[in-house]
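One-letter residues, chain by chain:
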There are 2 protein chains.
Amino acid sequence: MSSHNPFTNVTALHRCTKVKCGFCSGLSPEARHELSKLARIRSYRAGQTIVAQAEEVHIIGTVLEGVVRANKTLRDGRHQIVGLLLPSDVFGRLDGATSRVSLEAASDANVCSFKRQPFESLMDRFPEIERRMLLAVSDQLDAAQDWMLLLATQSVLERVATFLLMFCARDAGDRGALDIPVSRRDMAAYLGTTVESVSRAMQAMKRAGILEGSHSRHIEVTDFRRLASLSQHEPEQLGIASRLPNIGQNLHTSR
Amino acid sequence: MSSHNPFTNVTALHRCTKVKCGFCSGLSPEARHELSKLARIRSYRAGQTIVAQAEEVHIIGTVLEGVVRANKTLRDGRHQIVGLLLPSDVFGRLDGATSRVSLEAASDANVCSFKRQPFESLMDRFPEIERRMLLAVSDQLDAAQDWMLLLATQSVLERVATFLLMFCARDAGDRGALDIPVSRRDMAAYLGTTVESVSRAMQAMKRAGILEGSHSRHIEVTDFRRLASLSQHEPEQLGIASRLPNIGQNLHTSR
DNA sequence: CGTTAAGTTGAGGTGGATCAACGCGTGTGG
DNA sequence: CCACACGCGTTGATCCACCTCAACTTAACG
């Protein structure tokens, strides 16, 4: 969106004026003001790398628009998406260590970023900023552990259901309309499976009357209950408690 | 160890005088002194629950001796160990939220614990304590993401190799002697597989001349290189960089 | 020495990876 | 404008790593 230089990652570089971004919301005016002096908005096109694995981390940031994937790669090339960062999610390592994931734009994305060192000294001056980081990282740890459970114990069908449920709760439209913000490839990499298996799972859910939709990126959830009962996760445990109250007690299925 | 009351979790309850525990090492004398006033040592027997899943968290703590497992359970009973906490590791949630894992002693264990609220106000007074928590949680996030990669992409043989490698690096004796601190059951639950598969993998490594040892909990690693090359993980990425300095450049294998 | 839990070994079934083919939308260049 | 290539998603057929169930061995303990 808007013109950009194809030879760099960065298509725009200017002050962040957003108040609602991941860090800034809820901070004191002073802290926000100081942060805004450090903030730079950067735009990445789908596929571009924001921070490479094993590279020293020099920025801390938060996603404004789009989806950023946190990817890990094994020596032999096998890889796994260990986190999908959506708007308001934060990323970055705090000590000067090397990044243990590579951060890549899964779609065109805008991020608000801070240079690490000035950011860290700002954390020293404003403990509220450090507290926000601590809570953000704690939430990511929870999410990662939820995902470990999913990867280790659930079938592909259940994993896909859980994935859809997450996004449903986050930003499904009134009539269950849902835009899946990532490709099948990324879905598969996040769910620890293959594109073929994801495809089969989605078709199975359509046949079962849980989903509708012909376009691969856009679906409609027609039977929320059954989707939730397939997932087997406690809704609150998926960070989706905010929407659709009381879908917790509906779901009793034997394996 | 020592007498205990079978009707409570707690077999000993007294001041923590250790300076080398997870939190205390490296802190300023003032912070250490204030912390020690809050600290209580509790002893748990293997199998006892320290914090239950979905229970409100009222303690923050650090492991002094033994192994604590962080367990997650699905509605239908399937479960997964999402973290093994060894001495110096910390646990606990910072805001007053409910715990999303259950913490259980995997062996007889001693932990040093703090009540959450006084601990949090201590964090406010001593930012260095909050910084330690932030780094601790960040490290746990890294570990969880490593494990996601392992669970999603690696074979059982590779997972077992990685598991052994972690403990090798942490506390293997001179001649590769290694005491596995958890049961096969816990190993399997941590590795996202079954006891049978773990057993077969270990026997296969013995047959291949990588391991020796007749007692199930005690083995000797006779071919470190091959174990490391089986693992496929970067040694630094396993939190095992501290020990056994240069085992990094040895491992080049094709899949 | 009986009992029970932990670990190992064997035999069989299966969920999902793999390999391959095909449809579809999009971009590119002649 | 068509021809072609290319990426993406879907579908089908095959195969294998691992789960499951079951039997057996070993260790631990009263």
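Cut-offs used in this document
- Starting from 1, residues in each chain are numbered consecutively following that chain's sequence as written.
- Each chain is given a letter, starting from A, and each ligand a number, starting from 1, according to the order in which they appear as written.
- With pLDDT at 70 or above as the cut-off, local features in this predicted model cover only qualifying residues; side-chain atom pairs require 80 or more to be listed or tallied, and sums for whole chains, interfaces and linings still use all residues.
- Side-chain descriptors were evaluated using all non-hydrogen atoms of the structure, hydrogens and water having been removed beforehand.
- As a rule, the C-alpha atoms of each element are fitted with a line to give its axis, helices using only the stretch in contact, and angles between N-to-C directions run from 0 to 180 degrees.
- To qualify as a helix, a DSSP run of H or I must reach at least 4 residues; to qualify as a strand, a run of E must reach at least 2; elements of each kind are numbered from the N terminus.
- Roughly parallel means an angle under 35 degrees; roughly antiparallel, over 145; roughly perpendicular, 65 to 115; everything else is oblique.
- Contacts: residue pairs with any heavy atoms within 4.5 Å of one another.
- Think of it as three bins: nonpolar holds Ala, Val, Leu, Ile, Met, Phe, Trp, Tyr, Cys and Pro, charged holds Asp, Glu, Lys and Arg, and polar takes everything else, Gly as well.
- Here, nonpolar core means buried Ala, Val, Leu, Ile, Met, Phe, Trp, Tyr and Cys residues that are tied together by side-chain atoms lying within 4.5 Å of each other.
- Burial here depends on accessible area, computed with a 1.4 Å probe over protein chains only, as a share of the maximum for the residue type. Under 20% is buried, over 50% is exposed, and the range in between is partly exposed.
- If a single non-hydrogen atom of a residue is within 4 Å of a molecule or strand, that residue counts as near it.
- For the purposes of these results, a polar contact is taken to be a pair of N or O atoms within 3.5 Å, where, inside protein, one atom must be able to donate a hydrogen and its partner to accept one; residues adjacent in sequence count only when each atom of the pair is a side-chain atom.
- The copies were overlaid by least squares, fitting only the C-alpha atoms of residues that reach a pLDDT of 70 or more in each copy.
- Pairing of aromatic side chains requires ring centres within 6.5 Å, counting the rings of Phe and Tyr and the six-membered ring of Trp. Pairs whose planes differ by under 30 degrees are stacked, by over 60 edge-to-face, and all others tilted.
- By the convention used here, strands pair only if DSSP detects at least 2 bridges between them.
- Each reported salt bridge corresponds to a side-chain nitrogen of Lys or Arg within 4 Å of a carboxyl oxygen of Asp or Glu.

Named according to an unreviewed UniProt entry, chain A is Crp/Fnr family transcriptional regulator originating from Georhizobium profundi.

On to the packing of helix H1 (residues 29-38) of chain B against helix H2 (residues 116-125) of chain B, then. Residue and element names in this part refer to chain B. Direction vectors running N to C along H1 and H2 enclose 170°, while the axes themselves pass 10 Å from each other. Looking at the two axes, H1 sits roughly antiparallel to H2. Residues Glu34, Leu35 and Leu38 of H1 lie in contact with H2, whose contacting residues are Pro118, Phe119, Leu122 and Arg125. Taken together, the residues of the contact of H1 with H2 sort by class into 5 nonpolar, no polar and 2 charged.

Time to look at the nonpolar core. Core analysis: the largest hydrophobic core is formed by 151 residues, its most contacted members being Phe163(A), Leu164(A), Phe163(B) and Leu164(B). Leave out the neighbours within four places in its chain, and Phe163(A) touches Leu84(A), Ile180(A), Val182(A), Met187(A), Tyr190(A) and Leu191(A).

To continue, consider the protein's contact with DNA strand C. What surrounds DNA strand C is a group of 17 residues, the closest being Thr193(A), Ser197(A), Arg184(B), Arg200(B) and Gln203(B). Separating a base oxygen of DNA strand C from a side-chain N or O atom of Arg200(A) is a distance of 3.0 Å. Here a phosphate oxygen of DNA strand C and a side-chain polar atom of Gln203(B) are 3.2 Å apart. Contributing elements (two or more residues each) for the surface near DNA strand C: helix H6 (195-207) of chain A together with helix H5 (184-191) and helix H6 (195-207) of chain B. The element best represented in the surface near DNA strand C is H6(B), accounting for 4 residues. A per-class count over the surface near DNA strand C returns 1 nonpolar, 9 polar and 7 charged.

Now for the packing of helix H5 (residues 184-191) of chain A against H6(A). Residue and element names in this part refer to chain A. Viewed as axis vectors pointing N to C, H5 and H6 meet at an angle of 100°, and their least axial separation amounts to 8 Å. The orientation of H5 with respect to H6, classified from their angle, is roughly perpendicular. For the pair H5 and H6, contact is made by Arg184, Arg185, Met187, Ala188 and Leu191 and by Val195, Val198 and Met202, respectively.

For the rest of this paragraph, the subject is the environment of Thr193(A). Residue and element names in this part refer to chain A. Looking at the element boundaries, Thr193 is found in the loop between H5 and H6. Sequence separation between Thr193 and Arg159 is 34 residues; the distance between their C-alpha atoms is 9.3 Å. Leave out the neighbours within four places in its chain, and Thr193 touches Val156, Ala188 and Val198.

A rotation about an axis combined with a shift along that same axis relates the two copies of the chain. Aligned on chain A, chain B shows an RMSD of 0.0 Å; the corresponding rotation is 180° and the shift along the axis is 0.0 Å. On the angle and the small slide along the axis, the relation comes out as a two-fold axis. Of all interface residues in chain B, 100% are interface residues in chain A too; the two copies therefore contact each other through one and the same surface.

This next bit is on the packing of aromatic side chains. Enumeration over the complete set of coordinates arrives at 8 aromatic pairs over all chains. Centre to centre, the rings of Phe163(A) and Tyr190(A) are 6.2 Å apart; their planes meet at 75°, and the pair counts as edge-to-face. With Phe163(A) in helix H4 (residues 156-171) and Tyr190(A) in helix H5, this residue pair connects regions lying 27 residues apart in the sequence. Taking 5.3 Å as the distance between ring centres and 35° as the angle between the ring planes, the aromatic pair formed by Phe114(B) and Phe119(B) counts as tilted. Here Phe114(B) and Phe119(B) have matching classes, each one buried. Each residue in the set Trp147(A), Phe163(A), Phe167(A) and Tyr190(A) is aromatic and connected to the rest through ring pairs, giving one cluster.

Further remarks concern the sheet that holds strand S3 (residues 49-51) of chain A. With antiparallel pairing, the 4 strands of this open sheet are ordered in space as S3-S8-S5-S6 (chain A). Two strands close off the open sheet at either side, each with one partner strand: S3 and strand S6 (79-85) of chain A. Strand-to-strand twist of the sheet, defined as the mean angle between neighbouring strand axes without regard to direction, takes the value 35°. In terms of strand pairing, strand S5 (residues 68-73) of chain A meets S6(A) through 6 bridges, oriented antiparallel. The residue bridging Val68(A) from the neighbouring strand is Leu85(A), located in S6(A). Each of S5 and S6 of chain A touches H5(A); the most contacted strand, S6(A), lies at about 105° to it. Helix-sheet contacts for helix H3 (residues 127-153) of chain B involve S5 and S6 of chain A, and the interaxial angle to S6(A) is about 130°.

Here we take up the environment of Leu27(B). Within the fold, Leu27(B) resides in the loop between strand S1 (14-15) and H1. It is 8.9 Å that separates the C-alpha atoms of Leu27(B) and Arg132(B), two residues lying 105 residues apart in sequence.

The final tally for this structure, using the stated rule, is 34 salt bridges over all chains. A salt bridge links Asp142(A) to Arg93(B); its shortest N-O distance comes to 2.8 Å. With Asp142(A) in helix H3 (residues 127-153) and Arg93(B) in the loop between strand S7 (90-91) and strand S8 (102-105), this pair bridges two chains. In this structure Asp142(A) comes out as buried when scored by relative accessible area, which is 9%. With relative accessibility at 13%, the residue Arg93(B) sits in the buried group. Notably, a salt bridge pairs Glu104(B) with Arg69(B), separated by 2.6 Å at the nearest N-O pair.

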